[in-house]
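Now for the letters of each chain:
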Amino acid sequence: MFASAMAAVLITMVLALIRAFAGPTVYDRILAANMFGTKMILLIAVLGFLTGRPDFLDLALIYVLLNFIGTFAVLKFVQYGSFGAADGENGESTG
């Protein structure tokens, strides 16, 4: 049963990669990359369960944080054009 779950996750990962390369907008590509990261986390968790190594869940949690922070960093870069732009530096009002 878990082997079939692993196969299903791999198939959805391939579909996410196809969407990441074929996405018409940059936001579609970012969403597909985030989905690929989420599926990778599921794959690590299922692999840890299949091999009987619960320490893989710790690796999956670290990857969750990296995926979350990375997605927001890329979205900020796409929106503002740099990572260092703080609130109000681009001439925008903060209130």
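Residues numbered from 1 in each chain as written. Predicted model: local features only at pLDDT ≥ 70, side-chain atom pairs only at ≥ 80, totals over all residues. Heavy atoms only, no water.

## Topic: the packing of helix α1 (residues 2–22) against helix α2 (residues 26–51)
Between two packed helices, what matters for the description is the angle formed by their axes and the separation of those axes. Rules: Interaxial angles span 0 to 180 degrees and are taken between N-to-C directions of axes, which are lines fitted to C-alpha atoms, for helices over the stretch in contact. The helix count covers DSSP runs of H or I at least four residues long, the strand count covers runs of E at least two residues long, and both are numbered beginning at the N terminus. By the definition adopted for this analysis, an angle is roughly parallel if under 35 degrees, roughly antiparallel if over 145, roughly perpendicular if from 65 to 115, and oblique otherwise. For a crossing to be left-handed, the near helix must be turned anticlockwise from the far one by less than a right angle; the clockwise case is right-handed. Nonpolar residues are Ala, Val, Leu, Ile, Met, Phe, Trp, Tyr, Cys and Pro. Charged residues are Asp, Glu, Lys and Arg, and all others, Gly as well, are polar.
At a minimum axis distance of 8 Å, the contact between α1 and α2 shows a crossing angle of 160 degrees. One element, α1, and the other, α2, form an angle in the roughly antiparallel class. The way α1 lies across α2 gives a crossing that is left-handed. Residues of the contact of α1 with α2, tallied by class, amount to 21 nonpolar, 1 polar and 4 charged.

## Here we look at the packing of α2 against helix α3 (residues 56–80)
It is the contact of α2 with α3, at a shortest axis distance of 9 Å, that shows an interaxial angle of 175 degrees. It follows from the interaxial angle that α2 and α3 lie roughly antiparallel.

## Some thoughts on the packing of aromatic side chains
Heads up, the condition is: Note on aromatic contacts: the rings of Phe and Tyr and the six-membered ring of Trp form a pair at centre separations within 6.5 Å, being stacked when their planes are under 30 degrees apart, edge-to-face when over 60 apart, and tilted otherwise. A simple rule labels every residue: compare its accessible area, found with a 1.4 Å probe on the protein chains alone, to the largest value its type can have, and call it buried under 20%, exposed over 50%, or partly exposed in between.
With the rule as written, the count across this model stands at 1 aromatic pair. Seen in terms of ring centroids, phenylalanine 68 and phenylalanine 72 are 4.9 Å apart; in terms of plane orientation they differ by 75 degrees. Their pairing is edge-to-face. In this pair, phenylalanine 68 and phenylalanine 72 both sit in helix α3, 4 residues apart, roughly one turn of the helix. A relative accessible area of 48% means that phenylalanine 72 is categorised as partly exposed.

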